[in-house]
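Summary of structural features
The lines below spell out each chain.
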Amino acid sequence: MPAQPPSRNKISGELSRLLPHLQLDAKATAALDGCDEAAGALNRLEEAGLLAEATRLVAHALPAREAVWWACACARHTASSSTNPESESAPRDAAEEWVRRQSDEQRRTAMKEAEKSGFGSPEAWAAVAAFWSGDSMAPPDVPKVPPQPHFTGLAVAGAVAMSAVRGSAVRREERLRAFLASAKDIAAGGAGRIDVEKV
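The structure contained in this document is the topic of the report that follows. (Residues numbered from 1 in each chain as written. Predicted model: local features only at pLDDT ≥ 70, side-chain atom pairs only at ≥ 80, totals over all residues. Heavy atoms only, no water.)

One finds Ile11, Leu57, Val58, Val68, Trp70, Val156 and Phe179 to be the most contacted residues of the largest nonpolar core, which totals 56 residues. For this core, the element with the most residues is helix α8 (residues 122–132), which contributes 8 residues. (Core = buried A, V, L, I, M, F, W, Y, C linked by side-chain atoms within 4.5 Å. Buried < 20%, exposed > 50% of the residue type's maximum accessible area, 1.4 Å probe, protein only. Helix = DSSP H or I, 4+ residues; strand = E, 2+ residues; numbered from the N terminus.)

What follows concerns the layout of surface pockets. Empty space within the largest pocket amounts to approximately 250 Å³. Arg17, His60, Pro149, His150 and Gly153 are the residues nearest the centre of the largest pocket, which is lined by 17 residues in total. Counting only elements with at least two residues in the lining of the largest pocket, the list comes to α1 (15–18), α4 (51–61), α5 (64–77) and α9 (151–165). Considered class by class, the residues forming the lining of the largest pocket number 9 nonpolar, 7 polar and 1 charged. The calculated volume of the second largest pocket comes to roughly 180 Å³. The wall of the second largest pocket is formed by 14 residues, among which Gln23, Arg56, Ala157, Gly158 and Ala161 lie closest to the centre. If you list the elements that add at least two residues to the lining of the second largest pocket, you get α4, α9 and α10 (172–187). The dominant element in the lining of the second largest pocket, judged by the number of residues it contributes, is α9, at 6 residues. Looking at the lining of the second largest pocket residue by residue, the class counts come to 7 nonpolar, 5 polar and 2 charged. (1 Å grid on protein atoms, 1.4 Å probe; cavity = no way out; pocket = protein on both sides within 12 Å on 5 of 7 lines; lining within 4 Å. Points joined across faces, edges and corners; volume = space filled by probe spheres on them. Nonpolar A, V, L, I, M, F, W, Y, C, P; charged D, E, K, R; others polar.)

Attention now goes to the pattern of salt bridges. One pass over the structure, following the stated rule, counts 15 salt bridges. One network of salt bridges, with partners in common, ties together Glu88, Arg92, Glu123 and Arg166. (Salt bridge = Lys/Arg side-chain N within 4 Å of Asp/Glu carboxyl O.)

Before going further, it helps to examine the packing of aromatic side chains. Geometrically, a pair of aromatic rings is defined through the distance of the ring centres and the angle of the planes. What the rule picks out here adds up to 3 aromatic pairs. Note on Phe119 and Trp125: the rings are 5.9 Å apart at their centroids and 45° apart in plane angle, and the pair reads as tilted. A relative accessible area of 24% places Trp125 in the partly exposed class. A network of ring pairs unites the aromatic residues Phe119, Trp125, Trp132 and Phe151 as a single cluster. (Phe/Tyr/Trp six-rings, centres within 6.5 Å; stacked < 30°, edge-to-face > 60°.)

Right, let's talk about the packing of helix α7 (residues 104–117) against α8 for a bit. Closest axis-to-axis distance for the α7/α8 pair is 8 Å, and the angle between their directions is 150°. In terms of crossing hand, the pair formed by α7 and α8 is left-handed. Contacts between α7 and α8 involve Arg107, Arg108, Ala110, Met111, Ala114 and Ser117 from the former and Ala124, Ala127, Val128, Ala130 and Phe131 from the latter. A breakdown of the residues in the contact of α7 with α8 according to their chemical character gives 8 nonpolar, 1 polar and 2 charged. (Axes fitted to C-alpha atoms, helices over the stretch in contact; angles between N-to-C directions. Left-handed = near helix turned anticlockwise from the far one by under 90°. Contact = heavy atoms within 4.5 Å.)

In structure tokens form, the structure reads like this:
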């Protein structure tokens, strides 16, 4: 992600705002009992070994720009496991370009690339996340139809979940740990890059 001045942890906010979108089971809900903040909730979920739930939390807790960049980093990490890497790189490239310059034109370009790819990859859902980060899901020449505030988080969570099981699902836990480390780096102002996985 393009460099930014140091800032506070961007995995922040009230947990109550995020909970309705996290699809937590009884075990995860119990792990978060008495927790009010997203950062503390992330620690608890990790400590309980609930890594998939932790990634969903991060997807909704990070600001949109950082969340989309994270989705792209996760997708890039498992790209070597893809059956069609060239067609999938276009939506990721478009999403990354939206992170660099958050124009409406680039946001819509990301969605066009996701549509072309058939929405079947983590890269496509990273691009959808970029599109849903804007102020309208409608074409530019008609009245605005704003996306729900949690839509970006849903798309990011989907991209990350798909990245975790792509090609070799036995690596899922190892990947989720790498993804969470990347998210924390991004939240602290870093680039969150993860080396491309070796096949």
